[in-house]
Amino acid sequence: MHSTLICLIWLFCTMCTAKVHTFHWEIAWKLDNPDGMKERQVIAINNKTPLPTIRVKTNDRVIIHATNKLGNQNTSIHFHGLFQNGSNSMDGPEFVTQCPIAPGSTYIYDFKVPNQEGTYWYHSHSGPQYGDGLRGMFIIEPENVDAYPFKFDDKITLSLTDWYHKEAKEIKKTFMSRFNPTGAEPIPQNALFNYTRNATWHVAPNTKYFIQIANMGMFVSQYLFIENHNFTIVEVDGVYVKPQMTDSIYIAVGQRYGVLIETGDFHENFRFLNVIDKPMLDTKPAELQYISTNWIVYDDKKPLPPALENNEGSFDSFLQNIDPFDDFNLKPLTKSPLMEAADYTINLDFKMENLGDGVTYALFNNFSYVAPKVPTLMTLLSSGKLASNDKIYGTNTNTFVLQHNEVIDIILNNMDPGKHPFHLHGHTFQVIERSPPSSDDNPITYDPNNHAEFPLNPVIRDTVMVNANGYVVLRFCANNPGVWFFHCHVDWHLEQGLAIVLVEAPFEVQKSQSLSSAQLHVCKQSRVPTSGNAAGRYGKSEKDWLNLEGENIQPQPLPPGFTLKGYIAFFLCAAFACWGLLSIYKYGIEDVAADDGEEMIMKLESLLEENGGLGPEDTRPLTGEDSNA
Ligand SMILES: *[C@@H]1O[C@H](CO)[C@@H](O)[C@H](O)[C@H]1NC(C)=O
Ligand SMILES: *[C@@H]1O[C@H](CO)[C@@H](O)[C@H](O)[C@H]1NC(C)=O
Ligand SMILES: *[C@@H]1O[C@H](CO)[C@@H](O)[C@H](O)[C@H]1NC(C)=O
Ligand SMILES: *[C@@H]1O[C@H](CO)[C@@H](O)[C@H](O)[C@H]1NC(C)=O
Ligand SMILES: *[C@@H]1O[C@H](CO)[C@@H](O)[C@H](O)[C@H]1NC(C)=O
Ligand SMILES: *[C@@H]1O[C@H](CO)[C@@H](O)[C@H](O)[C@H]1NC(C)=O
Ligand SMILES: [Cu+2]
């Protein structure tokens, strides 16, 4: 009796402080034309675009009934940057923490908003699907409105994305094909500013705005710049930082910035530019809109300055005139000294390579991530004492088991000539070292015995750019039991397998977390097993659990003697002859294998067959299907 009363009082008290935000979302296709250049099918929530911004306070609760009405695709939702401490099954990535949500099925995301504040976002974590629009902002405000560590008069959000005219699934087919042997990434058509282009932002003079910015794109980083105005960075990836003035910011996909802008005593209007980091692109089709002009409007009656021309000249002079602040040198506002030396170090060497099906894959220590048959969290929950044995999670999932509360270093050596934004789920990390970029002939790798002194108050974030042929060293504490994905946020690279999985404190997870029958039902609807090892096998003995026969694996390597360079040279010579290179430039990622190219490619394939077999039957999708090699 007495305890019931206490319970009621407690319940009442939590109700009056923490709010519950309940959403019913129908995720479905809709025709839309955000860039004003091409109508296409995009993903909407409750038939609306752009997708809603979720705005909550620290310690609130969020309940989202996510119903898949797409008809032709599975789905899932990840809340990027939220720790999901104690609620690992709400994190979202399919085959990591949950089963895909099949068409017609509903998954209930139900979690407490963590003790975090700032700018976050949500997006699909099913294949390249968020490129079709399943992405939105997620803002966490302090419990007390006056508790921001800086002052402002008004606050707004701003989302940036690259934008493609084709459906992501179709783009992926052309991208991950042996007709794209260099692994050239799909080139977007342009970049959206708040889900539109040519936008105007009306401001009041002499006003301080807090702008919360997220790059929700698939691939390219963007520069953000306002003529005659500086930004003061006050937040990165949900971490408040010492105010830092800069004339522009550089923001990779997955990253967020909170900035203050003080408007002046102006009676004219200025350009507000979002500009694609053009050097990330392998080809630059003439129609690519890499410089987008929007406007900050003080006076509606005054003219808008003309849009910046979209050409090399204006891009180069733009780059020459800005000096974005290096995020490595940002300092967290709350003193958070360098964590003590690592108890456990994960060494990752990363490169791109053609495997036996002629497709380019991303390899971490020679392994490309391939989703297991059983979501890794479910392997963990069903495996008892074996949960700490990394073998049961599969040979192709790049799984590392971490002990509870250990300090972990991730050393990431990038042996690739591109830069890559890496994101860790369930954590923020200290960025304790980052090398400058280097060249292909001279990749810089981390030397534990010879490195720069680590900063005493390193920047903390959840998505960090590693430079071309360079490295980055990240440090965090394994204080969040669960299964967490670590991957490149260039989604095309994730599709190529650029991911590892951290199984953190598995026995703690078993003690305190479980799956609801509703969650298990979602698995039933997508026909995904919910227990067993990565191959879906289990039994009484350890031997049964270590038997991975039938697991999903990456394609075999190219036959010996058949090097990537040789393959590309051969491919280009045979298939494209003289017109080939031109077509690549002209059509970008369009299917260059049309008409007469097709014939040449057939010839090439039969040649390859003789050279050791590259038959079309070797082609396998990255996830979810049997591969019995
Ligand atoms: C933006 O301007 C371009 C060039 O004038 C135009 O083609 C496009 O339709 C406009 N888009 C929007 C969304 O206004
Ligand atoms: C959804 O996922 C399941 C399990 O991986 C797969 O078998 C099925 O083909 C997927 N459905 C669609 C529509 O892609
Ligand atoms: C972006 O869109 C949101 C609404 O979705 C709006 O509140 C905000 O003011 C817009 N930002 C800019 C810079 O126009
Ligand atoms: C922006 O910052 C630079 C360097 O700190 C300074 O020289 C310039 O006057 C500032 N511009 C404005 C408009 O505040
Ligand atoms: C990857 O494979 C190469 C060649 O087989 C080998 O030399 C190298 O040691 C491997 N790397 C790792 C981290 O296993
Ligand atoms: C998760 O919760 C535990 C227990 O409350 C806490 O010790 C730990 O610091 C939290 N981890 C994160 C990443 O917030
Ligand atoms: Cu990448």
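Conventions and cut-offs
- Residues numbered from 1 in each chain as written.
- Chains lettered and ligands numbered in written order.
- Predicted model: local features only at pLDDT ≥ 70, side-chain atom pairs only at ≥ 80, totals over all residues.
- Heavy atoms only, no water.
- UniProt positions renumbered as here; feature names shortened; annotations may be inferred.
- Near = heavy atom within 4 Å.
- Polar contact = N/O pair within 3.5 Å; in protein donor to acceptor, adjacent residues only side chain to side chain.
- Nonpolar A, V, L, I, M, F, W, Y, C, P; charged D, E, K, R; others polar.
- 1 Å grid on protein atoms, 1.4 Å probe; cavity = no way out; pocket = protein on both sides within 12 Å on 5 of 7 lines; lining within 4 Å.
- Points joined across faces, edges and corners; volume = space filled by probe spheres on them.
- Helix = DSSP H or I, 4+ residues; strand = E, 2+ residues; numbered from the N terminus.
- Domains from an automatic or database assignment.
- Areas by Shrake-Rupley, 256 points an atom, 1.4 Å probe, with all protein chains shown as cover.
- Core = buried A, V, L, I, M, F, W, Y, C linked by side-chain atoms within 4.5 Å.
- Buried < 20%, exposed > 50% of the residue type's maximum accessible area, 1.4 Å probe, protein only.
- Contact = heavy atoms within 4.5 Å.
- Pairing = 2+ DSSP bridges.
- Axes fitted to C-alpha atoms, helices over the stretch in contact; angles between N-to-C directions.
- Disulfide = S-S within 2.5 Å.

Going by the annotation in an unreviewed UniProt entry, the name recorded for the chain is Ferroxidase fet3, with Scheffersomyces spartinae given as the source organism. Under the UniProt heading Sequence similarities (unreviewed entry), the entry covering the chain gives this text: "Belongs to the multicopper oxidase family." Heading Cofactor (unreviewed entry) of the UniProt record for the chain holds this comment: "Cu cation".

Caption draft 1: How the structure looks around the site of ligand 2. Inspection of the region around ligand 2 gives Asn72, Gln73, Asn74, Phe95, Pro100, Ser526 and Val528 as its neighbouring residues. A distance of 2.3 Å is found between an oxygen atom of ligand 2 and a side-chain nitrogen or oxygen belonging to Asn74. Tallied by class, the residues present in the shell around ligand 2 amount to 3 nonpolar, 4 polar and no charged.

Caption draft 2: Fine view of empty space enclosed by the protein. A complete count under the given rule lists 4 cavities of 30 Å³ or more for this structure. Together, His123, Ser124, His125, Tyr130, His487, Cys488, His489, Val490, Asp491 and Leu494 line the second largest cavity. Broken down by secondary-structure element, the contributors of at least two residues to the lining of the second largest cavity are strand 29 (482–488) and helix 5 (491–495). The residue makeup of the lining of the second largest cavity includes at least three contributed by each of domain 1 (17–149) and domain 3 (344–545).

Caption draft 3: Structural context of the site of ligand 1. Looking at ligand 1, the residues that line it are Pro34, Asp35, Gly36, Thr196, Arg197 and Asn198. At a separation of 2.8 Å, an oxygen atom of ligand 1 approaches a polar backbone atom of Gly36. Coverage of ligand 1 by the protein chains reaches 50% of its 360 Å² of free accessible surface. Split into classes, the residues belonging to the shell around ligand 1 amount to 1 nonpolar, 3 polar and 2 charged. Summarising the domain contributions, the shell around ligand 1 has at least three residues from each of domain 1 (17–149) and domain 2 (150–332).

Caption draft 4: Focus on the nonpolar core. Grouped together as the largest cluster of nonpolar side chains are 92 residues, with contacts concentrated most on Ile213, Phe219, Val259, Phe422, Phe486 and Trp492. Element by element, the count of residues in this core is highest for strand 18 (residues 270–276), at 5 residues. Discounting chain neighbours no more than four positions away, the residues touching Phe422 are Phe350, Phe364, Leu412, Phe429, Asp462, Thr463, Val464, Val466, Phe486, His487, Cys488 and Leu498. Of all hydrophobic cores here, the second largest spans 27 residues; its members include Ile27, Tyr107, Tyr109 and Tyr120.

Caption draft 5: Representation of the pairing of strand 15 (residues 239–246) in the model. Relative to strand 15, strand 14 (residues 231–236) runs antiparallel, the two being bridged by 5 bridges. Looking at strand 15, one finds that Phe231 is bridged to Thr246. Hairpin connection, strand 14 to strand 15: the antiparallel pair is bridged by 2 residues, and Asp237 has positive phi, about 45°.

Caption draft 6: Structural context of the sheet that holds strand 19 (residues 291–297). Taken in spatial order, the 5 strands line up as 11-19-18-13-16 in an open sheet, and their pairing is mixed. Either end of the sheet is taken by a strand with one partner, and the two such strands are strand 11 (200–202) and strand 16 (248–251). Within this sheet the neighbouring strands show an average axis-to-axis angle of 20°, counted without direction. Pairing between strand 13 (residues 222–226) and strand 16: 4 bridges, direction antiparallel. The residue bridging Gln222 from the neighbouring strand is Ile251, located in strand 16. Along the sheet, helix 3 (residues 312–321) contacts strand 13, strand 18 and strand 19; its crossing angle with strand 18, the most-contacted strand, is approximately 100°.

Caption draft 7: The state of the cysteines, seen in detail. Applying the stated criterion to the full structure yields 1 disulfide. Two residues, Cys99 and Cys523, share a disulfide whose sulfurs are 2.0 Å apart. Its S-S torsion of approximately 90° makes the covalent link between Cys99 and Cys523 right-handed. Highlighted residues: Cys99 in the loop between strand 5 (78–80) and strand 6 (106–112) and Cys523 in helix 7 (residues 517–525), separated in sequence by 424 residues.

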